[in-house]
Amino acid sequence: MRRRTFLKGAATTALMSRLRPSGTAGTSRAAQTKRLAFGGIQIECSTYSRIRARMEDFTVRRGQELADDPFFSLLKTYPYPFQPTLLATAVPGGPVERHTYEELKAEFLHRIKALLPLDGLYLAMHGAMYVEGMQDADGDWISAAREAVGRDCLITASFDLHGSLSRREIDNLDMLSAFRTAPHIDRQETARRASDMLVHCLDRQIRPTLIWSPIPVLMPGERSSTLYEPAKRLWAQLPAMNAAPGVLDASLLVGYVWADEPRATASAVLTGTDPDLLRHDALSLAQQYWDARKEFKFGVPTDTLDACIERAQALPTKPVVLSDSGDNPTGGGTGDRADALAALLRHHVQDAVIAGIADRPATEACYRAGVGATLPLKIGGTLDPQGSRPVDVTAKVVFLLPADSLPERQAVVEVSGISVVLTARRRPFHEIRDFTSLGLEPTSFKILVVKAGYLVPEIAKIANPNLMALTDGAVNEDIEHLPKSRYRVPSYPFVPDLEWKPFTLVGARSPQRAL
Ligand SMILES: [Zn+2]
């Protein structure tokens, strides 16, 4: 709030200066000519996944299409225009294919170079990207951006709270801000904090100090939701910390646990102009996070798939929303596993819906057969045949989504009283309309199986109750038993008796490096 008020004043000054006859204020003229740009890449990659993110998995917005994205309309509220470059986003998954990454990076850099010279750059990142054959891919992207814009340009960045930071990222950025909520309901506010900070620093000719404390703790998002303790109280103190004079941003990141990388840790990061205060706050957040490490627990009841199904059947309420957490595509899961279908059949469950299983061959077979047809189907294991086994069923096609392109296709089939949503490509089912658009009323079912970890608010609202099945997959929540790491630094809970004291690192571009 405080900074917003400052900024408003600064922006008004800049605006007023435009109205003055030219030549009356040298600094105002400089302010008029600020050149800003924005872009980035956002994907979360499980290094335990066998699938690869290819170009067709990315939504790439560039140029005017990116400028017109309603999400970034906030960038039009500043006195200086933010020029669009390229933003590539994808559903979380496996590592990015090297060639795809290099192609996206080359175009991004080409677009940046066409806009030079730049005074400021806003990078909209996720922070948990992994590229084939490359450690610290986000650091690679950010340092390439730095090289392109040069030393004088200020770079700000926004990150997902599940991003992992590195020395390379910190050394090439001037400032950053991360989401403060999980489930993420503050994407816009975070983008606003990151861009406000950039404009504020440019207006006042500030080169901020960036202080980072990496914390050797790794938790899945499902054990660190900000709806529950201890995350609730840890993150709740950030706005007050941020409001102190000398602090431009206070961020705390959980990091990404399904990445076997040295940078995979939690982080406390402070941006501002008072290095002593920033260091104090970073150390305080890091110590508190460390002290709370054994408190991180799942926010909802968890059990095996079979036990969750038995429990759901015994409950008098509905719909019981059962999270198939190990195959959650929004966490990096493959989304093609049919384990939940096999378990529901095993338990002779009626009145259940599974949304959804990514299976292009089965989806295509349904479209070929048409609504009303009954056909034999093999469901599951098509994207990662080594990861899971398909289930052989006889299915009746009950709904086919009219779709403009093959990847958009979705079919609803009935298998022994269970409704199964088959999708041509990996996708989450996070909104009620994801169901209603397929003719399904989610509250009418006894059991609603979703491939998710923690539930997003819209589905959480109807869950009566939510049970989380700790299932197998590329984002298995049983993190203590993940395959042995090769690159990860010693961290809790992988090293249960780890001893650690917080420390801080100062970004290489910060004016006062020696603290
Ligand atoms: Zn996240």
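You'll find the structure just up there.
1. What about the packing of aromatic side chains?
For any pair of aromatic rings, the description consists of the separation of the ring centres together with the inter-plane angle of the planes.
Okay, step 1: The final tally for this structure, using the stated rule, is 11 aromatic pairs.
Okay, step 2: Stacked on the ring of Phe-298, the Lys or Arg Arg-223 has its end atom at 5.7 Å from the ring centre.

2. Things to note about helix α5 (residues 137-149)
Okay, step 1: The terminal C-alpha atoms of α5, which comprises 13 residues, lie 19 Å apart, in line with the 18 Å expected from a rise of 1.5 Å per residue.
Okay, step 2: In terms of residue burial, α5 counts as a mostly covered element, since 12 of its 13 residues are buried.
Okay, step 3: Regarding α5, the residues found buried are Ala-137, Asp-138, Gly-139, Asp-140, Trp-141, Ile-142, Ser-143, Ala-144, Ala-145, Arg-146, Ala-148 and Val-149.
Okay, step 4: Of the surrounding elements, those touching the buried residues of α5 are β1 (36-42), β3 (82-90), α4 (98-115), β4 (120-124), β5 (154-159) and α6 (167-172).

3. With respect to the environment of Tyr-492
Okay, step 1: Looking at the secondary structure, you find Tyr-492 in the loop between β18 (466-469) and β19 (505-506).
Okay, step 2: Sequence separation between Tyr-492 and Ile-418 is 74 residues; the distance between their C-alpha atoms is 41 Å.
Okay, step 3: Tyr-492 has contacts with Pro-216, Val-217, Leu-218, Met-219, Trp-290, Arg-293, Lys-294 and Leu-498, leaving out every residue within four places of it along the chain.

4. Considering the environment of Pro-262
Okay, step 1: Relative to the helices and strands, Pro-262 is located in the loop between β8 (247-253) and β9 (266-272).
Okay, step 2: A sequence separation of 127 residues divides Pro-262 from Gln-135, and the C-alpha atoms of the two residues are 8.2 Å apart.
Okay, step 3: Other than its neighbours up to four places away in sequence, Pro-262 contacts Gln-135, Tyr-487, Arg-488 and Val-489.

5. What about the coordination of the zinc ion?
Okay, step 1: All of the protein donors around the zinc ion are Asp-160 (OD), Asp-160 (OD), His-162 (ND1) and His-184 (NE2); their distances to the metal are 2.1 to 2.7 Å.
Okay, step 2: Every donor counted, the four donor atoms about the zinc ion form angles of 52 to 145° at the centre, which fits irregular coordination.
Okay, step 3: In primary-sequence terms, the residues that donate to the zinc ion follow D-x1-H-x21-H. With Asp-160 in the loop between β5 and α6 and His-184 in the loop between β6 (175-178) and α7 (187-203), this pair connects stretches of sequence that are 24 residues apart. Accessibility assignment for this pair places Asp-160 and His-184 in one class, buried.

So, how was this worked out
Residues numbered from 1 in each chain as written. Predicted model: local features only at pLDDT ≥ 70, side-chain atom pairs only at ≥ 80, totals over all residues. Heavy atoms only, no water. Phe/Tyr/Trp six-rings, centres within 6.5 Å; stacked < 30°, edge-to-face > 60°. Lys NZ or Arg CZ within 6 Å of the ring centre and 35° of its normal. Helix = DSSP H or I, 4+ residues; strand = E, 2+ residues; numbered from the N terminus. Expected span 1.5 Å × (residues − 1). Buried < 20%, exposed > 50% of the residue type's maximum accessible area, 1.4 Å probe, protein only. Contact = heavy atoms within 4.5 Å. Donors = N, O, S within 2.8 Å, 3.2 Å for Na, K, Ca; no water. Tetrahedral: all angles 85-135°; square planar, octahedral: opposite > 155°, others 65-115°.

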